[in-house]
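The lines below spell out each chain.
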Amino acid sequence: MSQALTRRTLLKAAAMGAAAAAFPRRATGQASPKVVVVGGGFGGTTCARELKRKGLAVTLVEANAIYTACPFSNAVLAGLRPVETQQFKLDAVEKGGIDIVRQRAARIDPQARRVVLEDGSLLDYDRLVLSPGIDIRLDALSGYDEAAAAAMPHAWKAGEQTTLLRRQLEAMDDGGTFVLAAPANPFRCPPGPYERASLIAHYFKTHKPRSKLLILDAKDSFSKQRLFQAAWQDLYPNMIEWVSLSSGGKVIEVDAKTRTLVTDFGRHKGDVVNVIPPQRASQIAQVAGVADRSGWCPIDPVTFESRLQPNIHVIGDASIAGGMPKSAFSANAQGKVCAAAISSLLRGEAPTEPKLINTCYSLVAPDYGISVAGVYSPRNGMLTEVEGAGGTSPVNAPPAFRAQEAVYAETWFQTITSEVYG
Ligand SMILES: Cc1cc2nc3c(=O)[nH]c(=O)nc-3n(C[C@H](O)[C@H](O)[C@H](O)COP(=O)(O)OP(=O)(O)OC[C@H]3O[C@@H](n4cnc5c(N)ncnc54)[C@H](O)[C@@H]3O)c2cc1C
């Protein structure tokens, strides 16, 4: 055995000793507390890495070998980048000493503190973190089922759905109509539908200039609305029509065969139709008993521990994080706060009150970015936006400012993906 290896072994033993001293042994005799994280997206992977940094033994359960990121997937739809630039693996995370289980978590037994995997094997935990993202609610919109999602893709989980919608847009004739149905709150990425409409308008302007976009909305207002609408007038005059809830925009039924969306006031047929249906916390959260009747998961805003099941924490899109929007930026911030809280709890210490930040960039065109930022802290049991601490890009900014924000958006994506997966 080489001297270097002996030294490394000693260092490892010393580090393990330190971790064992910091985290008391379990009553069951297990060496040190064990944390299982379900979901290798922005929230789960961040949390797993942070827990590992704090000296805890972590297992990350992820169903897919390749994670396809949603941020910037609207640029894929517009033909501005290939889908491969959205794809990430967990290899570097595994090299960092986290056990990766590449299968689906099928059930949770909160009493036994155990995750049941798809193949029947079991993972015990002291603390469990769920960051499983969203499911599309196939029961919420009449006519929208798996078959309808193939004809009228939602593309709200990036991957096959993104490339399907891209192919439909490419195949559409110049002069066609693209119809987008946007859901009521809450849903994943509040500015996402409007960024999507903007970038598809950019694609039309540059490739199919006689085409039109119609947005049917189940809301009367939306994120960064003034900025989006001012930009649409500037960049895409007479191309985008937005129909609000009170003007009859809420889609109540879809007919996949004829690509028609039905509202209380009429029927809208599109050449390409993108339905973004209502959503809820992904299935494992439902079967774990951490989701309430809304379909989302109530949490303690200091620790992200479920209000419904002890020792289970929920972060990211699946959680009800008060004023925090469902974004990758939020999921990443929550992953770090949750890891710090778990580390404190396992040491028998009180977790510190967090302050969390979110920033959401949107592209209106490749060289035109806008953003919204907010700071959140626990108040009356909820994560609440700190007044005066955030805001949006200025309404009357010059083109150079918008171009700079587009660069910031791209830089943010590179930074967060290399932090989480690099
Ligand atoms: C079009 C679009 C654009 C967006 N743009 C932005 C943006 O610009 N900025 C931004 O901050 N956010 C953006 N978002 C939002 C962002 O993608 C989500 O908020 C973020 O991915 C949430 O992270 P998460 O960890 O909660 O869930 P996800 O990232 O969805 O990760 C969940 C993971 O859990 C896994 N999983 C689920 N169930 C199980 C199970 N039972 N067993 C094992 N694994 C499981 C899934 O395979 C998945 O990998 C956008 C979203 C969309 C749709």
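Our structure is the block above this text.
Counting from 1, residues in each chain are numbered in the order their sequence is written. Since the coordinates come from a predicted model, pLDDT governs what is reported: local features require at least 70, and pairs of side-chain atoms require 80 or more to be given and counted, while whole-chain, interface and lining totals use all residues. Side-chain metrics in this entry use all non-hydrogen atoms of the structure; hydrogen atoms and water are not considered.

### Considerations on helix α11 (residues 399-421)
Here is the rule we go by: Counting from the N terminus, the helices are DSSP H or I runs at least four residues long and the strands are E runs at least two residues long. Here, expected helix span is obtained from the residue count minus one, scaled by 1.5 Å. The buried label applies to any residue whose accessible area, calculated with a 1.4 Å probe on protein chains only, is under 20% of its type's maximum; exposed applies above 50%, and partly exposed to all values in between.
If you check α11, its first and last C-alpha atoms are 33 Å apart, about what 23 residues at 1.5 Å a residue would give, namely 33 Å. For α11, the complete set of buried residues consists of R402, E405, A406, A409, W412, F413, I416, T417, V420 and Y421.

### Topic: the packing of aromatic side chains
Aromatic ring pairs are described here by two measures, namely the spacing of the ring centres and the angle between the planes. Test applied: What counts as a ring pair is set by centres within 6.5 Å for rings of Phe, Tyr and Trp (its six-membered ring), and what kind of pair is set by the plane angle: stacked under 30 degrees, edge-to-face over 60, tilted for all other angles. Definition used: whenever NZ (Lys) or CZ (Arg) falls within 6 Å of the ring centre and also within 35 degrees of the ring normal, the charge is taken to sit over that ring.
One pass over the structure, following the stated rule, counts 15 aromatic pairs. With a centroid separation of 3.8 Å and 10 degrees between ring planes, the pair formed by Y194 and F222 is classed as stacked. Residue Y194 is located in helix α7 (residues 192-207), and its partner F222 is located in the loop between β12 (212-217) and α8 (225-235); the two are separated by 28 residues in the primary sequence. We classify Y194 as buried; its relative accessible area is 0%. Taking the relative accessible area as the measure of exposure, F222 reaches 8% and is therefore buried. Within the aromatic cluster, the residues linked to one another by ring pairs are F42, Y67, F72, F88, F329, W412, F413 and Y421. Between R166 and the ring centre of Y203, over which it is positioned, the NZ or CZ distance is 4.5 Å. Directly above the ring of W296 sits K326, whose terminal nitrogen or CZ lies 4.1 Å from the centroid.

### Topic: the site of the ligand
We count it as follows: We call a residue near a molecule or strand when any one of its heavy atoms sits within 4 Å of it. Two N or O atoms count as a polar contact when they lie within 3.5 Å, although within protein this holds only if one can serve as hydrogen donor and the other as acceptor, and sequence-adjacent residues are included solely when both atoms are side-chain atoms. The Shrake-Rupley method, run with a 1.4 Å probe sphere, supplies the accessible areas, and residue values consider only the shown protein chains as cover.
In the vicinity of the ligand, 35 residues are found, and the nearest of them are E62, Y67, A105, R188 and D317. One of the side-chain nitrogen or oxygen atoms of N64 is found 3.2 Å away from an oxygen atom of the ligand. Side-chain polar atom of D317 to an oxygen atom of the ligand: 2.7 Å apart, as the coordinates give it. Isolated, the ligand exposes 990 Å² of accessible area, and the fraction of that covered by the protein chains is 95%.

### Focus on the state of the cysteines
Under the convention used in this document: Cysteine sulfurs are considered disulfide-paired once they come within 2.5 Å of each other.
With the rule as written, the count across this model stands at 0 disulfides. With no disulfide of its own, C70 has C189 as its nearest cysteine by sulfur position, at a separation of 8.1 Å. By relative accessible area, which is 22% here, C70 ends up partly exposed. No disulfide involves C297; its nearest neighbouring cysteine sulfur is the one of C338, lying 13 Å away. C297 gets classed as buried once you look at its relative accessible area, which sits at 0%.

### Examining the sheet that holds strand β15 (residues 260-263)
Just so we agree on the cut-off: A pair of strands counts as paired when DSSP detects no fewer than two bridges linking them. Lines fitted to C-alpha atoms define the axes, with helix axes restricted to the stretch in contact, and inter-axis angles between N-to-C directions lie between 0 and 180 degrees.
Read from one edge to the other, the open sheet built from 3 strands follows the order β14-β15-β16, with strand pairing classed as antiparallel. For this open sheet the edge positions go to β14 (251-255) and β16 (267-269), each flanked by a neighbour on one side alone. Neighbour to neighbour, the strand axes of the sheet diverge by 25 degrees on average, direction disregarded. Pairing of β15 with β16, which is carried by 3 bridges, proceeds in the antiparallel orientation. Its bridge partner lying in β16, V262 is registered against R267.

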